[in-house]
Amino acid sequence: MRHVIALDVGGTGMKAALVGADGTLLHEARRATGRDRGPEAVVETILGFAEDLRTLGHERYGESAAAAGVAVPGIVDAENGIAVYAANLGWRDVPMRELLSRRLGGIPVALGHDVRTGGLAEGRIGAGNGADRFLFVPLGTGIAGAIGIGDRIEAGAHGYAGEIGHIVVRPGGTACGCGQRGCLERYASASAVSQAWAEASGDPDADAADCAKAVESGDTTALRVWQDAVDALADGLVTALTLLDPRTLVIGGGLAEAGETLFTPLRAAVEERVTFQKLPSIVPAALGDTAGCLGAGLLAWDLLAEQQADQHDQQTDQHDDQHEQHDDHDPHSTDSEVSA
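An account of the accompanying structure is given in this report.

What counts, and where the lines are drawn
- Residues numbered from 1 in each chain as written.
- Predicted model: local features only at pLDDT ≥ 70, side-chain atom pairs only at ≥ 80, totals over all residues.
- Heavy atoms only, no water.
- Patch = residues over 30% accessible without salt bridge, like charges linked within 9 Å, V, L, I, M, F, W, Y side chains within 5 Å.
- Areas by Shrake-Rupley, 256 points an atom, 1.4 Å probe, with all protein chains shown as cover.
- Salt bridge = Lys/Arg side-chain N within 4 Å of Asp/Glu carboxyl O.
- Lys, Arg positive; Asp, Glu negative; His and termini not counted.
- Charge placed at Lys NZ, Arg CZ, Asp CG, Glu CD.
- Helix = DSSP H or I, 4+ residues; strand = E, 2+ residues; numbered from the N terminus.
- Buried < 20%, exposed > 50% of the residue type's maximum accessible area, 1.4 Å probe, protein only.
- Pairing = 2+ DSSP bridges.
- Axes fitted to C-alpha atoms, helices over the stretch in contact; angles between N-to-C directions.
- Contact = heavy atoms within 4.5 Å.

**Focus: a negative patch on the surface**
Side chains of D203, D205, D207 and D210 sit close together on the surface and give a patch of like negative charge. One can find D207 in the loop between α5 (190-201) and α6 (208-216). Accessibility expressed as a relative area gives 32% for D207, which makes it partly exposed.

Right, dumping it as structure tokens:
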């Protein structure tokens, strides 16, 4: 059975799969990244995991994977296959595509940014399916975004498109790791809500999920903390939809697991803020934490399709060249008669 390897690398763990041509997850596995052992060890863990999957695929399906796709966090140069920088993994300028291809016997490898790769999956087979323009925003440790146009994700001129978490929603506010103050992710990410609720409740171990439960029970302090986050998120989203005019806003990540506790006030807050803009559908992500892995599989299949198309074009060009050469030497051709 023809299949590809898909890898989704996170800060602490990796999800991997063998993916069939129809997008079916044939086999799933998880493994720790081992980042405490340093960036070189993380890269070796990724390569070893991929190699184990290749062996498994060969044993189970009678052939090795046709390609591989890998999604990684941080700054990614997808065109050149380089994992440029990831703060939580400590690496810089890792030639991931080259290393993986070499370890996997020379098969083609596609590299993608984790959020954009997850957005690709949500757009094609998840909550954004059928929307010609969508914005995927996962609310996790931070906040990022993936801009969906048709069946692809817009990376931008330098690979930075969609960084909605660093839209300033509270000028002069809380310092952000990016160097600005008042960034959206400092107010509306799952980690920001966890921090705010831990402080407000006096429980240092409390997190965003606890805050959501307190909101559902009618706790007024929790309602204030939650609404502050919702208001900041709505401000950021309205800025994004003013620029991008998406048909659908897909909200994922840990905070979205609160369900309607998040979506009911969020839809209301966005609607209050729009003036001339068209209100998009605001829906929860459908694929959960498998989005990145499924997206990596899609990247691999896309790469194979592109290579097949290139080969077809080359064969067509060669055929055309041969036909032209035949015409040039044909004494009965019009050109020969004219020159004669």
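**As for the sheet that holds strand β3 (residues 25-32)**
Read across the open sheet, the 5 strands follow the order β3-β2-β1-β4-β8; overall the sheet is mixed. In the strand order of this sheet, the two ends are held by β3 and β8 (109-113), each with one partner. The sheet shows a mean angle of 15 degrees between the axes of neighbouring strands, direction not considered. When strand β2 (residues 13-20) meets β3, the two strands line up antiparallel, connected through 7 bridges. Across the sheet, the residue bridging to G13 is A32, located in β3. Against the sheet, helix α1 (residues 39-61) touches β1 (3-9), β2 and β3, its axis set at about 150 degrees to β3. In this fold helix α3 (residues 114-125) packs onto β1, β4 (68-72) and β8, with an angle of close to 100 degrees to the strand it touches most, β8.

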